[in-house]
Amino acid sequence: MSAEPDWDHDFERGRVKEELARRLLTTDQDHLTVEVKGDYRALETGNHFCELSARGKPSGLMATKSAYWAVALDNGAVVMVPVERMRELVADALAEGRTARMSNGSHPTEGALIPLAKLVS
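Read on for an overview of the structure. (Residues numbered from 1 in each chain as written. Predicted model: local features only at pLDDT ≥ 70, side-chain atom pairs only at ≥ 80, totals over all residues. Heavy atoms only, no water.)

**Quick notes on the sheet that holds strand E5 (residues 78-82)**
Put simply, the test is: A pair of strands is treated as paired once DSSP finds two or more bridges between them. Counting from the N terminus, the helices are the DSSP runs of H or I reaching at least four residues and the strands are the DSSP runs of E reaching at least two. Structural elements are reduced to axes, namely lines fitted to C-alpha atoms, with helices fitted over the stretch in contact, and the angle between N-to-C directions of any two is expressed from 0 to 180 degrees. Residues are treated as being in contact if the distance between any of their heavy atoms lies within 4.5 Å.
Reading across from one edge, E1-E4-E5 is the order of the three strands in this open sheet, with mixed pairing throughout. If you trace the sheet from one side to the other, it starts and ends with strand E1 (34-39) and E5, each paired once. Going from strand to strand, the sheet's axes swing by 20° on average, the running direction of each strand aside. Two elements, strand E4 (residues 68-73) and E5, share five bridges in a ladder whose sense is antiparallel. Its bridge partner lying in E5, Trp69 is registered against Val81. Across the sheet, helix H3 (residues 83-95) lies against E4 and E5, angled at about 90° from E5, the strand it touches most.

So, in structure tokens, the structure goes:
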């Protein structure tokens, strides 16, 4: 037995997602802000390094005022996650000890390692 699609429900769900995309991609008065982070090793490691502090001061996710966190991957894909959800993922990572320190250059940073799969689950 196959389930019949509920066209009205599917249409409304699609409309809601289209409205979200519009608010993310425009500068209309009701637009949503997005913090974009390039992560050039995420595809190699399977984790997004989510910056939390630099030089001992809050930065990255801990300092953002944006509504969405976007991870730009080396293959051209971009994954966007609500900042509130990203903070939940970071709390889980910290509780599990999934942290890292990046000391390249003059701006050492500390962050949490978020599995890419968790960004879309």
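**Some remarks on the side chain of Ser53**
Selection rule: Only protein chains enter the calculation, and the probe is 1.4 Å; a residue is then buried if its accessible area is under 20% of its type maximum, exposed if over 50%, and partly exposed in between.
Looking at where Ser53 falls in the secondary structure, it is placed in strand E2 (residues 47-54). Here Ser53 falls in the buried class, since its relative accessible area comes to 17%. Leaving out residues up to four positions away in the same chain, Ser53 has contacts with Pro58, Ser59, Pro108, Thr109 and Glu110.

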